[in-house]
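Residue strings, one per chain:
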Amino acid sequence: MPHSADRKLSPLLNPLQDPLVDKTLLEPREMIRPKKVCFSESSLPSGDRTRRSYYLTEIQSFTSTEKDGRIVGEIAFQLDRRILAYVFPGVTRLYGFTVSNIPEKIKQTSIKSLDGSVDEKKLRELTHRYLALMARLEKLGYNRDVHPVFSEFLINTYGILKQRPDLRANPLHSSPAALRKLVIDIVPPKFLGDSLLLLNCLCELSKEDSKPLFAW
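In what follows, the accompanying structure is described. All values derive from a computational prediction rather than experimental measurement.

## With respect to helix H6 (residues 189–209)
Stage number 1. Helix length check: H6, at 21 residues, gives a terminal C-alpha distance of 31 Å against a target of 30 Å (1.5 Å per residue), a fit within 8%.
Stage number 2. Remark: Ser-210 follows H6 within two positions and exhibits a positive phi of approximately 60°.

## A word on the packing of helix H3 (residues 120–138) against H6
Stage number 1. Between H3 and H6, the shortest axis-to-axis distance is 10 Å and the interhelical angle comes to 125°. Looking at the two axes, H3 sits oblique to H6. Relative to H6, the crossing made by H3 is right-handed. On H6, the residues touching Leu-133, Arg-136 and Leu-137 of H3 are Cys-201, Leu-205 and Glu-208.
Stage number 2. Class assignment for the residues of the contact of H3 with H6 results in four nonpolar, no polar and two charged.

## Description of the nonpolar core
Stage number 1. By size, the foremost hydrophobic cluster in this structure holds 45 residues, and its most contacted members are Ile-83, Ile-102 and Tyr-142.
Stage number 2. Of all the secondary structure elements, the ones that give two or more residues to this core are helix H1 (66–87), helix H2 (102–109), H3, helix H4 (147–158), helix H5 (176–186) and H6.
Stage number 3. The contact partners of Ile-83, leaving out residues within four places of it in the chain, are Val-99, Ile-102, Leu-133, Met-134, Leu-137, Tyr-142 and Leu-205.

## Quick word on the environment of Glu-152
Stage number 1. Inspection of the secondary structure puts Glu-152 in helix H4.
Stage number 2. Classification of Glu-152 by relative accessible area gives buried; the value is 13%.
Stage number 3. Each C-alpha atom, one on Glu-152 and one on Ala-76, is 7.5 Å from the other, the two residues being 76 residues apart in sequence.

## Describing the packing of aromatic side chains
Stage number 1. Overall, the coordinates contain three aromatic pairs when judged by the stated rule.
Stage number 2. With centroids separated by 6.0 Å and ring planes inclined at 35°, the aromatic side chains of Phe-150 and Phe-153 adopt a geometry described as tilted. Of the two residues, Phe-150 and Phe-153 both sit in helix H4, three residues apart, roughly one turn of that helix. Residues Phe-150 and Phe-153 agree in their burial class; the two are buried.
Stage number 3. Taken together, a centroid distance of 5.5 Å and an interplanar angle of 45° make the contact between Phe-153 and Phe-191 tilted. Of the two residues, Phe-153 is situated in helix H4 and Phe-191 in helix H6; the sequence distance between them amounts to 38 residues.
Stage number 4. Aromatic rings pair up to connect Phe-150, Phe-153 and Phe-191 into one cluster.
Stage number 5. Over the aromatic face of Tyr-86 sits the side chain of Arg-136, whose NZ or CZ is 5.4 Å from the ring centroid.

## A closer look at the state of the cysteines
Disulfide: a covalent bond formed between the sulfur atoms of two cysteine residues.
Stage number 1. Tallied over the entire structure, the rule returns zero disulfides.
Stage number 2. The thiol sulfur of Cys-201 is not disulfide-bonded, and the nearest other cysteine sulfur, from Cys-203, lies at 9.3 Å.
Stage number 3. In this structure Cys-201 comes out as buried when scored by relative accessible area, which is 0%.

The rules behind each value
Residues numbered from 1 in each chain as written. Predicted model: local features only at pLDDT ≥ 70, side-chain atom pairs only at ≥ 80, totals over all residues. Heavy atoms only, no water. Helix = DSSP H or I, 4+ residues; strand = E, 2+ residues; numbered from the N terminus. Expected span 1.5 Å × (residues − 1). Axes fitted to C-alpha atoms, helices over the stretch in contact; angles between N-to-C directions. Parallel < 35°, antiparallel > 145°, perpendicular 65-115°, else oblique. Left-handed = near helix turned anticlockwise from the far one by under 90°. Contact = heavy atoms within 4.5 Å. Nonpolar A, V, L, I, M, F, W, Y, C, P; charged D, E, K, R; others polar. Core = buried A, V, L, I, M, F, W, Y, C linked by side-chain atoms within 4.5 Å. Buried < 20%, exposed > 50% of the residue type's maximum accessible area, 1.4 Å probe, protein only. Phe/Tyr/Trp six-rings, centres within 6.5 Å; stacked < 30°, edge-to-face > 60°. Lys NZ or Arg CZ within 6 Å of the ring centre and 35° of its normal. Disulfide = S-S within 2.5 Å.

Listed below in structure tokens is the structure:
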């Protein structure tokens, strides 16, 4: 699992364009119009999920500590890195890669450096890995049109852990049940269903690769 420089968040847009950016970075005049984010309505059954828009002002008042909030962001970050590492085996530097731009990155990484032609075999292999993984996650409710963006939203809202967690001192990071309780305590109800879904997907991939939930 990549670390160090690759734990930096991929730049999305500049603060005035990006609806996911930390609100504290915005000047007061930029806060006149509430920022909007779009993903699924977590309270509906999976078969009835629809895309909805919510205003970031609805989650302005977090009652959790910053560190606990970072664990929520880390769950999303770890899932994204798990997905990217599976689709692009052997790629050690994933900076600039996001789950949202996987199709684009598959095309880019399939171009031969010598003559600029497309390596059709590599293109097919990476595409197959991507579609196979998405099919497995979709059985858990993952929606490739919704949850990659939602994951970026959680990462940018809560941040990620600044250092490797000590699993012996704090077993929380290796306990799905404890992480589930923490997510329930921290995340607002409107975003809870999708947040728990990301945790379920991370737990499933962790079982498959036999790595810790928070792998560094």
